[in-house]
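# Observations on the model geometry
Chain by chain, the residues run as shown.
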Amino acid sequence: MTDLQTWVAPTYTGLADLLAAGPTAGAGETAGAAGPGGIWDAPSLCEKWLVRHVVAHVTMPVRFTPERFGAEMAAAGGDFSVLSDTVAERDASLPAAELLAQLREPGLHAWQPPGGGAEGALSHAVIHSLDVTIALGLPPVAPAEAVDAILGLLAAAEGGWFGLDLTGVRLEAADADWSWGSGTAVRAGRAELVSLLSGRTLPDGRALPRR
């Protein structure tokens with residue numbers, strides 16, 4: 001079995017490559033531009049977050065020592081959601097070049113969330129990379145094997161990771177011979193199914209019910 005951690009690096013470096021030299025985002029701007037209208041200021045699938053907020057969030061392990069993380073958590077009253085929003089809002093203003101370099105950091109590629117192991121590390125990388133690429137209407141930067149692995153993990157969790165109610169829901173991949181559950185069919189590409197199982201709302205408005 002492939003070590004899930006090995007797919008983290010290509011996911012983050014793929015995201016960095018996309019942001020640094022992606023398709024044109026606006027008149028006279030490239031995807032690497034950080035100004036208004038550029039790809040950095042495009043909405044992501046994360047509620048209230050632009051692309052730059054997602055990048056600031058996933059690169060947090062590069063900037064935070066355990067001591068600083070503890071201080072930030074204390075300042076957030078022990079609420080990780082508050083910490084995430086605070087850090088994303090603040091650090092999204094870092095220079096684009098700095099955030100891109102952090103996406104390519106070997107330390108980020110080796111990082112694992114406390115208690116989450118390789119599954120948690122790859123889930124974090126794949127889900128948040130899809131927050132960017134699906135919102136932009138672009139193909140995944142994560143390896144196809146990584147997307148498939150996370151899709152399997154999320155389906156096995158039966159919506160529990162993100163508080164979903166999958167009763168009477170059948171998930172069907174439109175781009176592979178894959179399905180899960182029984183009931184009303186929800187058909188989408190595997191990447192889109194990962195986002196749906198992560199509690200996201202797709203650009204077309206589709207979302208899975210919550211508990």
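Residues numbered from 1 in each chain as written. Predicted model: local features only at pLDDT ≥ 70, side-chain atom pairs only at ≥ 80, totals over all residues. Heavy atoms only, no water.

Looking now at the overall build of the protein. Helices and strands together make up the secondary structure of the protein, namely 10 helices and three strands. For 211 residues, the compact-globule estimate of 2.2 N^0.38 gives 17 Å, and the protein sits close to it at 17 Å. With the C-alpha coordinates aligned to their principal axes, the bounding extent of the protein is approximately 45 × 45 × 35 Å. Relative to its 211 residues, the protein shows a buried fraction of 45%. A sequence separation of at least 24 residues applies to 55% of the contacts in the protein between residues at least 6 apart. On the protein, roughly 9600 Å² of surface is accessible, and the fraction owed to carbon and sulfur atoms is 56%. (Helix = DSSP H or I, 4+ residues; strand = E, 2+ residues; numbered from the N terminus. Rg over C-alpha atoms; globule rule 2.2 N^0.38 Å. Buried < 20%, exposed > 50% of the residue type's maximum accessible area, 1.4 Å probe, protein only. Contact = heavy atoms within 4.5 Å. Areas by Shrake-Rupley, 256 points an atom, 1.4 Å probe, with all protein chains shown as cover.)

Below, the discussion takes up the sheet that holds strand S1 (residues 169–173). Strand order in this open sheet of three strands is S2-S1-S3, and the pairing throughout is mixed. With partners counted over all chains shown, the strands left at the sheet margins are strand S2 (179–181) and strand S3 (184–188), one partner each. Adjacent strand axes in the sheet meet at a mean angle of 15° when their direction is disregarded. Pairing of S1 with S3 involves five bridges; the strand directions are parallel. (Pairing = 2+ DSSP bridges. Axes fitted to C-alpha atoms, helices over the stretch in contact; angles between N-to-C directions.)

It is worth spelling out unusual backbone geometry at this point. Here Lys-48, not a glycine, exhibits a phi torsion of approximately 75°, which is positive. Assignment of secondary structure puts Lys-48 in the loop between helix H1 (8–21) and helix H2 (51–58). By relative accessible area, which is 69% here, Lys-48 ends up exposed.

The subject of this paragraph is the environment of Arg-63. Looking at the secondary structure, you find Arg-63 in helix H3 (residues 60–63). For Arg-63, a relative accessible area of 15% gives the class buried. Beyond its immediate chain neighbours, meaning those up to four positions away, Arg-63 contacts Ala-56, Arg-68, Val-87, Asp-91, Leu-94, Leu-99 and Gln-102. A polar side-chain atom of Arg-63 sits 2.8 Å from a polar atom in the side chain of Gln-102. (Polar contact = N/O pair within 3.5 Å; in protein donor to acceptor, adjacent residues only side chain to side chain.)

Once that is clear, we can look at the pairing of S1. Buried residues dominate S1, accounting for four of its five residues. The sheet contact formed by S1 and S2 spans three bridges and is antiparallel. For Arg-170, the partnering residue across the bridge sits in S2 and is Gly-181. Linkage of S1 to S2, two consecutive antiparallel strands, is achieved through a turn of five residues.

According to the stated counting rule, one finds one aromatic pair in the structure shown. Look at Phe-69 and Phe-80: their rings are 6.4 Å apart centre to centre, the planes differ by 45°, and that puts the pair in the tilted class. Taken together, the residues span a long stretch of sequence, with Phe-69 in helix H4 (residues 66–75) and Phe-80 in helix H5 (residues 80–91) at a distance of 11 residues. (Phe/Tyr/Trp six-rings, centres within 6.5 Å; stacked < 30°, edge-to-face > 60°.)

It is worth spelling out the packing of H2 against helix H8 (residues 117–136) at this point. Angle between the axes and distance between the axes: these two values describe a pair of packed helices. At a minimum axis distance of 9 Å, the contact between H2 and H8 shows a crossing angle of 165°. Judged on the interaxial angle alone, H8 and H2 are roughly antiparallel. For the element pair H2 and H8, the recorded crossing hand is left-handed. Contact residues: Val-51, Val-54, His-57 and Val-58 in H2; His-124, His-128 and Val-132 in H8. Residue composition of the contact of H2 with H8, by class: four nonpolar, three polar and no charged. (Parallel < 35°, antiparallel > 145°, perpendicular 65-115°, else oblique. Left-handed = near helix turned anticlockwise from the far one by under 90°. Nonpolar A, V, L, I, M, F, W, Y, C, P; charged D, E, K, R; others polar.)

We now examine the nonpolar core. Note on soluble globular proteins: their nonpolar side chains tend to be buried together. By size, the foremost hydrophobic cluster in this structure holds 55 residues, and its most contacted members are Leu-19, Leu-103 and Leu-208. Every element with two or more residues in this core is listed here: H1, H2, helix H6 (96–103), H8, helix H9 (144–156), S1, S3 and helix H10 (190–197). The greatest single-element share of this core, amounting to nine residues, is contributed by H8. One finds Met-60, Met-73, Ala-76 and Leu-83 within the second-largest nonpolar core, a separate group that totals six residues. (Core = buried A, V, L, I, M, F, W, Y, C linked by side-chain atoms within 4.5 Å.)

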